[in-house]
Every structure is written in C-alpha cells, then in structure tokens.
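What follows is each chain in one-letter form.
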Amino acid sequence: MCKKLPTQTQLQEAWKELREIHETHLLPHQVKIPSAEHYSERAKSIWLAVLYFHGNEEVHKDVISDVCQRDKPELGRDQQVRHLKRDGWRLTGKGGYHQLDPYQPSAEWVTERNRQAGRLHADTFDNLKQLYGNSCATCGATEGRPDPRYGQDKVILQQGHMDPAKPATRDNIIPQCQFCNRAYRSDFVFDDKGRVYAVADVGPVRRASRQIQRTIFEWLKSVF
Ligand SMILES: [Zn+2]
C-alpha cells in the first residue's frame, strides 16, 4: 500500500462529522457507535473515521489496519471491519473492500429491529404465533399438522419460556411445539429465534461425556 493515509487531523474531523450524522440519521434506528471523543480511542471509531473520510470510495481493510497500526499500535493487524454490520452500519463492497453509507442503517438491521419490535407488540399468544409463521420457534413444525418425527399427533404450539428461571412474561415467551417444549424441559435458555444459547440446569452437563464434564469442571475451577 503506497497510498497516503489520511492524517490524524483529517480523521478527527471526519469522526466529528460522522458522530453528528449518526445522531441525526442513525441514532433513531439505534445503530451503535463507540462512545469516543477522539477517533483513536477505539478500534471501531478508527474504522468508521477512515471509512467516512473516504466518502464514496471503497477502502481496503489493509488501509484501515495501517491507520490502526499508526494511531493505536496495540491493535492487531487483522481488523475485522465487516463486524460493523452487526452494529447496524450499512457497509457495501467485497473482497476486503468496504464502503460506508452513513445516512441509513443496514437493511438486515432494520428487518431485525422490526422483528423484535413486532415481538414486543404482540399482545396475544395468537399474534406472537403469527410472527413465527404459526410454527415452532425451535424446530419449525407447523401448528395443526402431524409431524413426521412424531407419528400422527398434531403439532400444538405452547408458550415456551426463553429463560425457564424467569416468569412467563411477553418478552420471555416463544411458541414451541409440545415436543420441543417437553424435550427441553427446563434445561436450556433460548434466544428469541428459538435457538439454545445457554444451559439452565445441571441436566445437560450430567448427560455430557466425561471429557466435556472435565472441560467444564476445569473452566469452573478457574472462575470460582
Ligand atoms: Zn418444535
């Protein structure tokens, strides 16, 4: 890369402008921005300042890594700029090149936020089931039909707890078929897409192999 890097003054100026644009256009969509007065305080603030500085130009991630090395040398060489998408930023480009549209959130971000808002606005279990296509959040079985895995029994959607340790409030409920609801008992915590993301009881650990139990044991010893 022999292209000249933007100066620190230019980047600070870019960061300041970008924060203002964010506040007007992206904050209403809850797009996340690092809280940093100076662009070089965080890795992500450097990435964003460099991308915004280059405007409509695509920037290779190596250029962004070069700026990081210059202005915050403790950061690694391989900066994962694409992770900005997870915070709602609209990035385009491929093959290691990125371009930022600072005026609107990414389409995926909007879809996901609408989905979550829909979940919280569903005032009856029927409405909530509709948001899930009248299917089990965990296995996808459709309500009212027999499921080939379970013979002739028709699928009934029940109010499954996301976190079994918490009350069955609206934000803690997903539709689950009677089979999933029964099989998982109170062993797991689910996210709002019905995916397991934590254990909620000792059962799954008890059923795990000795090797996994040992790994968990070693980890727990280091924590407590
Ligand atoms: Zn299911």
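In this text, all values refer to a predicted model and were calculated from it rather than measured experimentally.

Draft legend 1. The arrangement of the sheet that holds strand β2 (residues 89–92) in detail. With antiparallel pairing, 3 strands are arranged side by side in an open sheet as β1-β3-β2. Both edges of this open sheet fall to β1 (59–60) and β2, since each of them pairs with a single strand only.

Draft legend 2. Highlighting the packing of helix α1 (residues 8–26) against helix α2 (residues 43–53). Packing of α1 against α2 leaves a shortest axis separation of 8 Å and a crossing angle of 95°. Taken together, the axes of α1 and α2 are roughly perpendicular relative to one another. For the pair α1 and α2, the contacting residues are Gln-10, Leu-11, Ala-14, Trp-15, Glu-17, Leu-18 and Ile-21 in the first and Ser-45, Leu-48, Ala-49, Val-50, Tyr-52 and Phe-53 in the second. The class makeup of the residues in the contact of α1 with α2 is 10 nonpolar, 2 polar and 1 charged.

Draft legend 3. Local environment of the pairing of strand β7 (residues 196–199). In this structure, strand β6 (residues 188–190) lies alongside β7, joined through 3 bridges in antiparallel fashion. Paired with Val-189 across the strands is Ala-198, a residue of β7. Hairpin connection, β6 to β7: the antiparallel pair is bridged by 5 residues, and Gly-194 has positive phi, about 85°.

Draft legend 4. Region of interest: the coordination of the zinc ion. Protein coordination at the zinc ion: the donors are Cys-136 (SG), Cys-139 (SG), Cys-177 (SG) and Cys-180 (SG), at 2.3 Å from the metal. Because the angles between the 4 donor atoms bound to the zinc ion fall within 104 to 116°, the donor set is best described as tetrahedral. One chain supplies every donor to the zinc ion, and in sequence these donors are spaced C-x2-C-x37-C-x2-C. Taken as a pair, Cys-136 in the loop between α5 (125–131) and β4 (157–161) and Cys-180 in helix α6 (residues 178–184) lie far apart in primary sequence, 44 residues in all.

Draft legend 5. Layout of a negative patch on the surface. There is a patch of like negative charges on the surface, built from Glu-13, Glu-17, Glu-20 and Glu-23. Taking the relative accessible area as the measure of exposure, Glu-20 reaches 47% and is therefore partly exposed.

Draft legend 6. Up close: the confidence of the model for the chain. Looking at the chain as a whole, the pLDDT averages 94, with 99% of positions reaching at least 70. The least confident element of the chain is helix α4 (residues 107–121), whose mean pLDDT is 89; the most confident is α1, at 98.

Draft legend 7. Quick peek at the side chain of His-98. The topology assignment puts His-98 in strand β3 (residues 97–105). Once residues within four sequence positions are removed from consideration, His-98 is found in contact with Leu-51, Glu-57, Glu-58, Val-59, Lys-61, Val-81, Arg-82, Leu-91 and Thr-92.

What counts and how
Within each chain, residue numbers correspond to sequence positions counted from 1 in written order. Since the coordinates come from a predicted model, pLDDT governs what is reported: local features require at least 70, and pairs of side-chain atoms require 80 or more to be given and counted, while whole-chain, interface and lining totals use all residues. No hydrogens and no water enter the side-chain calculation; it runs on all heavy atoms of the structure. Should DSSP find at least two bridges between two strands, the strands are regarded as paired. The helix and strand labels rest on DSSP assignments: H or I over at least four residues marks a helix, E over at least two residues marks a strand, and numbering proceeds from the N terminus. Helix axes are fitted to C-alpha atoms over the stretch in contact, other axes to C-alpha atoms as well, and angles between N-to-C directions run from 0 to 180 degrees. Any angle from 65 to 115 degrees is called roughly perpendicular, while one under 35 is roughly parallel, one over 145 is roughly antiparallel, and all others are oblique. Residue contacts are counted whenever heavy atoms from the two residues lie within 4.5 Å of one another. Gly counts as polar in this scheme, as do all residues outside two lists: the nonpolar Ala, Val, Leu, Ile, Met, Phe, Trp, Tyr, Cys and Pro, and the charged Asp, Glu, Lys and Arg. Counted as donors are the N, O and S atoms within 2.8 Å of the metal, or 3.2 Å for Na, K and Ca, while water is not among the atoms, so some sites may look incomplete. Just to be clear on the cut-offs, tetrahedral is four donors with all angles between 85 and 135 degrees, square planar is four donors and octahedral six with opposite donors over 155 degrees apart and all others between 65 and 115, and anything else goes down as irregular. The residues that make up patches have over 30% relative accessible area and no salt bridge, and they are joined within 9 Å when like-charged or within 5 Å when they are Val, Leu, Ile, Met, Phe, Trp or Tyr. Using a 1.4 Å probe, accessible areas were evaluated by the Shrake-Rupley method; residue-level cover was limited to the displayed protein chains. What counts as a salt bridge is simple: a side-chain nitrogen of Lys or Arg found within 4 Å of a carboxyl oxygen of Asp or Glu. All tallies of charge rest on Lys and Arg as positive and Asp and Glu as negative; His and the ends of each chain are not included. The atom standing in for a charge is NZ when the residue is Lys, CZ when it is Arg, CG when it is Asp and CD when it is Glu. The buried label applies to any residue whose accessible area, calculated with a 1.4 Å probe on protein chains only, is under 20% of its type's maximum; exposed applies above 50%, and partly exposed to all values in between. The predictor reports its confidence for every residue as pLDDT, a score running from 0 up to 100.

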